[in-house]
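Notes for the structure review
Each chain, letter by letter, is given below.
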Amino acid sequence: MKQSESSSLSTLIFCKLNQLNPSTFSAKRQQLNNTGASQGFVRAEVVEKITQYQAQVATANMTIFVNDIELRNPQCTPASNLAELIGALS
């Protein structure tokens, strides 16, 4: 577009010399003039998409039967806590 505007040639001759279709060239020039892109600016919108993941760790439970009581604890329960609890229930 800039080359066409800066030349002293008519649109028809410019298109012929540059092997361009004159109707396509004119339509594109009109489209650019309507959007304001001929000045090098285009409307843009920045969109930020944030995806969050929540990890779920499957922990196996440990089941302990003390007398008539069933205790279910995660396997990561410290042994000292379990021993204290079992001692209190006995």
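This text follows the structure it describes.
All values derive from a computational prediction rather than experimental measurement.

**Side note on the overall build of the protein chain**
A count of helical and extended segments in the protein chain gives 4 helices and 2 strands. Its helices and strands taken in sequence order, the protein chain reads α-α-α-β-β-α from the N to the C terminus. When contacts within the protein chain are restricted to residue pairs at least 6 apart in sequence, those whose partners lie at least 24 apart make up 13%. With an accessible surface of roughly 8200 Å², the protein chain has 52% of that area assigned to carbon and sulfur atoms.

**Notes on the side chain of Asn73**
Secondary-structure assignment places Asn73 in strand E2 (residues 69-74). For Asn73, the contacting residues outside a window of four places in its chain are Ala60, Asn61, Met62 and Leu82.

**Some remarks on the pattern of salt bridges**
Note on pairing: side chains with opposite charge can pair once their charged atoms come close. All chains considered together, the criterion is met by 1 salt bridge. We note a salt bridge from Glu70 to Arg72, for which the minimum N-O separation is 2.7 Å. Assessed through its relative accessible area of 41%, Glu70 is described here as partly exposed.

**Some details on the pairing of strand E1 (residues 61-66)**
Here E1 pairs with E2 via 6 bridges, running antiparallel. Each bridged residue has a counterpart across the sheet, and for Val66 the counterpart in E2 is Ile69. Remark: 2 residues form the turn of the hairpin made by E1 and E2, two consecutive strands paired antiparallel; Asn67 in that turn has positive phi of roughly 55°.

**Things to note about the packing of aromatic side chains**
Tallying each qualifying case throughout the model produces 1 aromatic pair. With a centroid separation of 5.8 Å and an interplanar angle of 50°, the aromatic rings of Phe14 and Phe25 are classed as tilted. Separated by 11 residues along the polypeptide, Phe14 in helix H2 (residues 11-17) and Phe25 in helix H3 (residues 22-35) bring together distant segments of the chain. On the basis of relative accessible area, Phe25 is assigned to the buried category, the value being 8%.

**What about a nonpolar patch on the surface?**
A cluster of nonpolar residues, Leu9, Leu12, Ile13 and Leu17, forms a patch on the protein surface that exposes about 390 Å² of accessible area. Mapped onto the elements, Leu9 comes out in the loop between helix H1 (2-6) and H2. In this structure Leu9 comes out as partly exposed when scored by relative accessible area, which is 36%.

**Digging into unusual backbone geometry**
With a phi close to 55°, Gln19 is a non-glycine residue in the positive phi region. Relative to the helices and strands, Gln19 resides in the loop between H2 and H3. Using a relative accessible area of 75% as the deciding quantity, one classes Gln19 as exposed.

The rules behind each value
- Residues numbered from 1 in each chain as written.
- Predicted model: local features only at pLDDT ≥ 70, side-chain atom pairs only at ≥ 80, totals over all residues.
- Heavy atoms only, no water.
- Helix = DSSP H or I, 4+ residues; strand = E, 2+ residues; numbered from the N terminus.
- Contact = heavy atoms within 4.5 Å.
- Areas by Shrake-Rupley, 256 points an atom, 1.4 Å probe, with all protein chains shown as cover.
- Salt bridge = Lys/Arg side-chain N within 4 Å of Asp/Glu carboxyl O.
- Buried < 20%, exposed > 50% of the residue type's maximum accessible area, 1.4 Å probe, protein only.
- Pairing = 2+ DSSP bridges.
- Phe/Tyr/Trp six-rings, centres within 6.5 Å; stacked < 30°, edge-to-face > 60°.
- Patch = residues over 30% accessible without salt bridge, like charges linked within 9 Å, V, L, I, M, F, W, Y side chains within 5 Å.

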